[in-house]
Amino acid sequence: MSDIAKLQIGDNSYEFPLVKGTENEVAIDIKKLRVVTNGIITIDPGFKNTGSCESAITFLDGEKGILRYRGYPIEELAEKADFLEVSYALIFGNLPTKQELDKFHADIKEHSLVDDDVRKILEAFPKAAHPMGVLASLTSALTAFNPSSVNTASKEDMYHAIVRILAKFPVLVGWTMRKSKGLHLNYGKKSLGYVENILYLMFKQPNEEYVMNPIIKDALDKLLILHGDHEQNCSTSTVRIAGSSHVGLFASLSTGISALWGPLHGGANQAVLEMLEAIQADGGDTKKYMAKAKDKNDPFRLMGFGHRVYKNFDPRAKIIKKAADEVLNDLGVDDPILKIAKGLEQEALNEPYFVERKLYPNVDFYSGIIYRAMGIPTDMFTVMFALGRLPGWIAQWREMRLNKEPIGRPRQIYIGETERHFVELDKR
Ligand code: CMC
């Protein structure tokens, strides 16, 4: 293939270089398009055909169902690694040595206290507030308590901001859940592993010892790893674009949390479980809901189905489906919701509407069932997604800053009124 793309507009022809990635993906480099064509731009709502950056963090092939973080296949990481090692690899590029991992964990523990005044902000929220809104606000508020996290010009400054947020975010997650349940807040336990401490922060009761269930710990490790990064999705692009203005790390992450909240993105895991519960309450008639999903006059969508990039299968969904079976089995939970989910999946896989549109179960279709078996409230599911995505957002933000990417500022084609003149109020 030639390494030039030719564009013909009227009588004028232009040439643009092609950019090739290490996995042979090809893009047309149009950086000079507007200048050489005297103002012509591209338009691509939803960025379905637009690469916003070159990135060395995550590779995914939607047709083949491949997902790799820093080159490591997701299947291997989910089976063999723990979440902290994967976080390190995502952020810094390679799996850590034992020494690097120990230092990373020690640095995180060092910063695991959250200023007591943050509790006052939390207390001001109504108990019924959605945890994602609370988490986004508290993450942003952390900047006020850690002003140095804004100055992230050097790698060292970045490192300090990174270990601080990795330390404090699980505390905020635990507090957010405990507040909504009327439970006392705690600060975790330094002697625990990173993921064990998350469970302790969420589930420790004031009047008894917390006994760690290894099945739950392993399941959480796996779920967090599977959510670790997913290249330029909605929330990640939001973090990168907010960070491109050189606002600090915590403020950038807070925008990502808000973007993740929506039901078409991370909020789908909560929406899936609510949908499955609604089908159950309605007598378990999955065919009725299939018909609703296909009906173009009905806004209902089968939550947990379809993906912008995966058009064959979502490799994360395969791993999660197996994990859901194992976890429920190991915990001795017989959840009728799992049966409804499996029934719905089977119908969808044989239904021409879904087959033609290449709609398959995504990562969120089965994750809620595991979270539920772990005792995590439904409105906390998206918060768990955020916890898993945190290292991915950090890695993408760090890459964007180290690459010195310009401020994100898309163009538009204006389709509004042409010039018109002001009319006095009494004459309108
Ligand atoms: N149920 C019914 N129809 C669907 C669904 C669905 N879940 N998803 C897509 N379609 C149809 C859609 O109506 C359209 O039909 P037509 O061509 O006749 O107009 C066609 O499939 C293509 O859909 P699209 O909305 O153009 O596709 P997209 O790439 O813009 O959207 C999506 C991807 C994930 C937003 C969408 O599939 C969806 O809304 N799924 C349900 C929500 C969900 O599970 N989101 C979690 C995504 S994975 C977690 C994450 O990383 O965020």
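Predicted model only: the values in this text are computed from it and were never measured.

Description of the site of the ligand
Turning to step 1, where the next piece is worked out: By nearness alone, 22 residues border the ligand, and His265, Arg301, Leu302, Gly304 and Arg308 come closest of all.
Turning to step 2, where the next piece is worked out: Leu264 places a polar main-chain atom, nitrogen or oxygen, 3.0 Å from a nitrogen atom of the ligand.
Turning to step 3, where the next piece is worked out: Interatomic distance of 2.9 Å between a side-chain N/O atom of Asn362 and an oxygen atom of the ligand.
Turning to step 4, where the next piece is worked out: The protein chains hide 78% of the 940 Å² of surface that the ligand would expose on its own.

Regarding helix α10 (residues 234-243)
Turning to step 1, where the next piece is worked out: Restricting attention to buried positions, one finds in α10 the residues Ser235, Thr236, Val239, Arg240, Ala242 and Gly243.
Turning to step 2, where the next piece is worked out: As for α10, its buried residues are in contact with α11 (249-260) and α18 (381-402).

Observations regarding the pairing of strand β2 (residues 12-20)
Turning to step 1, where the next piece is worked out: Of the pairings in the sheet, the one linking strand β1 (residues 4-9) to β2 comprises 6 bridges and is antiparallel in character. Its bridge partner lying in β2, Ala5 is registered against Phe16.
Turning to step 2, where the next piece is worked out: Connecting β1 to the next strand, β2, in antiparallel fashion are 2 residues, including Gly10 with a positive phi near 60°.
Turning to step 3, where the next piece is worked out: Where β2 and strand β3 (residues 26-28) come together, 3 bridges link them in antiparallel fashion. Paired with Val19 across the bridge in β3 is Ala27.
Turning to step 4, where the next piece is worked out: Remark: 5 residues form the turn of the hairpin made by β2 and β3, two consecutive strands paired antiparallel; Asn24 in that turn has positive phi of roughly 65°.

Procedures and definitions
Residues numbered from 1 in each chain as written. Predicted model: local features only at pLDDT ≥ 70, side-chain atom pairs only at ≥ 80, totals over all residues. Heavy atoms only, no water. Near = heavy atom within 4 Å. Polar contact = N/O pair within 3.5 Å; in protein donor to acceptor, adjacent residues only side chain to side chain. Areas by Shrake-Rupley, 256 points an atom, 1.4 Å probe, with all protein chains shown as cover. Buried < 20%, exposed > 50% of the residue type's maximum accessible area, 1.4 Å probe, protein only. Helix = DSSP H or I, 4+ residues; strand = E, 2+ residues; numbered from the N terminus. Contact = heavy atoms within 4.5 Å. Pairing = 2+ DSSP bridges.

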